[in-house]
Amino acid sequence: QVQLVESGGGLVQAGASLRLSCAASGRTFRNYAMGWFRQAPGKEREFVAAITWSGGITRITDSVKGRFTISRDNAKNTVYLQMNNLKPEDTAVYYCAADYGSSLYVSVAEYRYWGQGTQVTVSS
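Notes on the structure in this doc start here.

How each quantity is defined
- Residues numbered from 1 in each chain as written.
- Predicted model: local features only at pLDDT ≥ 70, side-chain atom pairs only at ≥ 80, totals over all residues.
- Heavy atoms only, no water.
- Helix = DSSP H or I, 4+ residues; strand = E, 2+ residues; numbered from the N terminus.
- Rg over C-alpha atoms; globule rule 2.2 N^0.38 Å.
- Contact = heavy atoms within 4.5 Å.
- Areas by Shrake-Rupley, 256 points an atom, 1.4 Å probe, with all protein chains shown as cover.
- Lys, Arg positive; Asp, Glu negative; His and termini not counted.
- Charge placed at Lys NZ, Arg CZ, Asp CG, Glu CD.
- Buried < 20%, exposed > 50% of the residue type's maximum accessible area, 1.4 Å probe, protein only.
- Pairing = 2+ DSSP bridges.
- Core = buried A, V, L, I, M, F, W, Y, C linked by side-chain atoms within 4.5 Å.

**Describing the overall build of the protein**
Piece 1. A count of helices and strands for the protein gives zero helices and eleven strands.
Piece 2. In the protein, the order of α-helices and β-strands from amino to carboxyl end is β-β-β-β-β-β-β-β-β-β-β.
Piece 3. Here the protein has a C-alpha radius of gyration of 13 Å; the compact-globule value for 124 residues is 14 Å, and the two agree.
Piece 4. Expressed along its principal axes, the backbone C-alpha trace of the protein runs to roughly 40 × 25 × 25 Å.
Piece 5. Counted over contacts in the protein with a minimum sequence separation of 6, partners at least 24 positions apart contribute 60%.
Piece 6. Summed over all atoms, the accessible surface of the protein reaches about 6,400 Å², with 45% contributed by carbon and sulfur.
Piece 7. Looking at charge distribution, the protein has the averaged site of its 13 positive side-chain charges lying 5 Å from that of its 9 negative ones.

Shown next, in the form of structure tokens:
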């Protein structure tokens, strides 16, 4: 069992930056792949970024590539999503997710543990 808590969301102007954090707790945090997803009102939850346990492999969806980066600090049991040059279309609830495995997971169905989400709103 893993518990995930996101933080760092807020209301910002277009072009601003935010850094989201996801703190994990539970039985273990060893060898967990982690990812970030987002969901706008009336939209399906979509993949944003993922990272392996070692942090050596990352994947960023094309729509945010060059603006967003994912990283993790295993000593703090935390994964981060640095979001730069935010755009109104980035407005969504952002969720972190985790699962035990060695692969990079990019599908909602591939993660069994989810946080409650943090709201990011970008005004034009």
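**Focus: the pairing of strand E4 (residues 32-39)**
Piece 1. The buried fraction of E4 is high, at seven of eight residues.
Piece 2. Looking at chain direction, E4 and strand E9 (residues 92-100) are connected through eight bridges and run antiparallel. Paired with Phe37 across the two strands is Tyr95, which belongs to E9.
Piece 3. The pairing of E4 with strand E5 (residues 46-51) spans five bridges and is classified as antiparallel. Bridging across to E5, Gly35 finds its partner in Ala50.

**What to know about the pairing of E5**
As a general feature of sheets, a regular strand has side chains that alternate between the two faces.
Piece 1. For E5, the buried fraction is high: five of the six residues fall into the buried class.
Piece 2. The turn joining E4 and E5, which pair antiparallel and follow one another in sequence, is formed by six residues; a positive phi near 75 degrees is taken by Gly42.
Piece 3. For E5 and strand E6 (residues 58-60), the ladder comprises three bridges, and the chain directions are antiparallel. Following the sheet pairing, Ala49 is matched in E6 by Ile60.

**Details of the nonpolar core**
Piece 1. In this structure, Leu4, Trp36, Leu81, Met83 and Tyr94 are the most contacted members of the largest nonpolar core, which totals 28 residues.
Piece 2. Contributions of two or more residues to this core are made by strand E1 (2-7), strand E3 (18-26), E4, E5, strand E7 (68-73), strand E8 (78-83), E9 and strand E11 (118-123).
Piece 3. Not counting chain neighbours up to four residues away, the residues in contact with Leu81 comprise Leu18, Arg19, Leu20, Trp36, Val48, Ala49, Phe68, Thr69, Ile70 and Tyr94.
Piece 4. Counting seven residues, the second-largest nonpolar core is a separate cluster that includes Ala33, Phe47, Tyr105 and Tyr111.

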